[in-house]
Amino acid sequence: MTDLGKTRRAATTALPATVLLAVGVVLALAPAAHADAPAGAPAPVAAADLAKARDAVRSPAVLDRLGHFFARKGVPPTQQLTIGAAEEARAATAETPRLAGDTVPVYTLDAAFVAGTPGAAVAKAEFTASKVVAADGQTASVWTVRQGDDWRVVNIASGGDEGDYAAKAAADGGTAFREPQINAWYALRDGRVLPLDDEARRSVGADGVALAAYQQLVHQRYGDKLPGSAYDRAGEGGGYQVAAAAPEPAGHGALLPAATAGAALGATALVGAAAVLRRRTGARRG
């Protein structure tokens, strides 16, 4: 599903000789075995794949690019700095970026779940993310995707939301996923969708909602904007302003207030494919 969310990260850059996968192309993340997975849970990514993704981040070329990313304070290469190239190179060497935390799959709301497909998981893995820290404390998230038999780095983004929210959800036995259209992060735990950030709290309330209620909510928001819809064919754009969530009645899932269209954000149709998150991705290069 493509991102209708608002920009929050300061700067991003796509790496040379890599491609941010086009809308409509499903990322080839191999799911691990997940017998007896809870209802609605996304398919986990194999540990071996996560290890290969992490190895891709450790490559000298990527670490060098990370050094320059930190030296530039996240300013994209297409924009001028107040320092010269030699000073930037010295600063890049001094940053000595290091990996911190785990490499994690990033799960994004799945179009099949929005459509109400029986048995569909709430989200699916679209890429992996590795948190990197510079010597001066700056952080960045490095995205990797599998292309054929290889794992490739496709983007560097400031901050470390992906790993931070994944760890926060996992600490309570849940799985983090993102509804990029409103920039909301949730945890799926024990059949409930629980908020992890302010956008999610505005969406489902502080106590969250049952999974069935969340499916009704996202269907109400995006059901007419799925692949093949008139919205899709027309190439329409739009944003969403989420009404405050009503308390969920005891004993059954509530249909929360519908989001209202507004504040155009350059959106395209929702698709179950590579989420190019608007707050993070820079111009494609290479």
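As shown above, the structure is provided for reference.
All of these numbers come straight from a predicted model, not from anything done at the bench. (Residues numbered from 1 in each chain as written. Predicted model: local features only at pLDDT ≥ 70, side-chain atom pairs only at ≥ 80, totals over all residues. Heavy atoms only, no water.)

**Some points on the pairing of strand β6 (residues 175–179)**
Here is the rule: Any residue under 20% of the maximum accessible area for its type is buried, any over 50% is exposed, and the rest in between are partly exposed; the area is computed with a 1.4 Å probe on protein chains only. Put simply, DSSP H or I for four residues or longer makes a helix, DSSP E for two residues or longer makes a strand, and each gets a number counted from the N terminus. Pairs of strands are assigned from DSSP output, requiring at least two bridges between the strands.
Counted residue by residue, β6 has four buried out of five residues, so it is predominantly covered. Both β6 and strand β7 (residues 184–189) contribute to a ladder of five bridges, which runs antiparallel. Residue pairing for β7: Arg 178 is matched across the bridge by Trp 185.

**What to know about the nonpolar core**
What counts, and what does not: Among buried residues, those of type Ala, Val, Leu, Ile, Met, Phe, Trp, Tyr and Cys that are joined through side-chain atoms within 4.5 Å constitute a nonpolar core. Residues are treated as being in contact if the distance between any of their heavy atoms lies within 4.5 Å.
With 28 residues, the main nonpolar core has Leu 109, Phe 113, Val 122, Phe 177, Tyr 186, Val 193 and Tyr 214 as its most contacted residues. Those elements giving two or more residues to this core turn out to be β2 (98–109), α4 (111–115), β3 (123–133), β7, α6 (198–204) and α7 (211–222). Looking at this core, the element that brings in the most residues is α7, giving six residues. Leave out the neighbours within four places in its chain, and Phe 177 touches Tyr 107, Val 122, Ala 123, Ala 184, Trp 185, Tyr 186, Leu 188, Val 193 and Tyr 214. Within the second largest apolar cluster, 15 residues are counted, among which are Trp 143, Tyr 165, Ala 187 and Leu 196.

**Section: helix α2 (residues 60–71)**
For the record, the criterion: Expected span, for any helix, means 1.5 Å times one less than how many residues it has.
Over its twelve residues, α2 runs 16 Å from end to end, which matches the ideal 16 Å to within 8%, given 1.5 Å per residue. Within α2, burial applies to Val 62, Leu 66, Gly 67, Phe 69, Phe 70 and Ala 71. Directly after α2, the chain includes Lys 73, whose backbone phi takes a positive value near 55 degrees.

**Remarks on helix α5 (residues 161–171)**
Definition in use: The reported arc concerns the directions from the helix axis to the C-beta atoms and nothing else.
Every buried residue of α5 is listed here: Asp 161, Glu 162, Tyr 165, Ala 166 and Ala 169. For α5, the angular spread of buried residues about the axis comes to 120 degrees, placing them on one side. On its buried side, α5 packs onto β2, β3, β4 (139–147), β6 and β7. Phi turns positive one or two residues past the end of α5, at Gly 173, with a value near 80 degrees.

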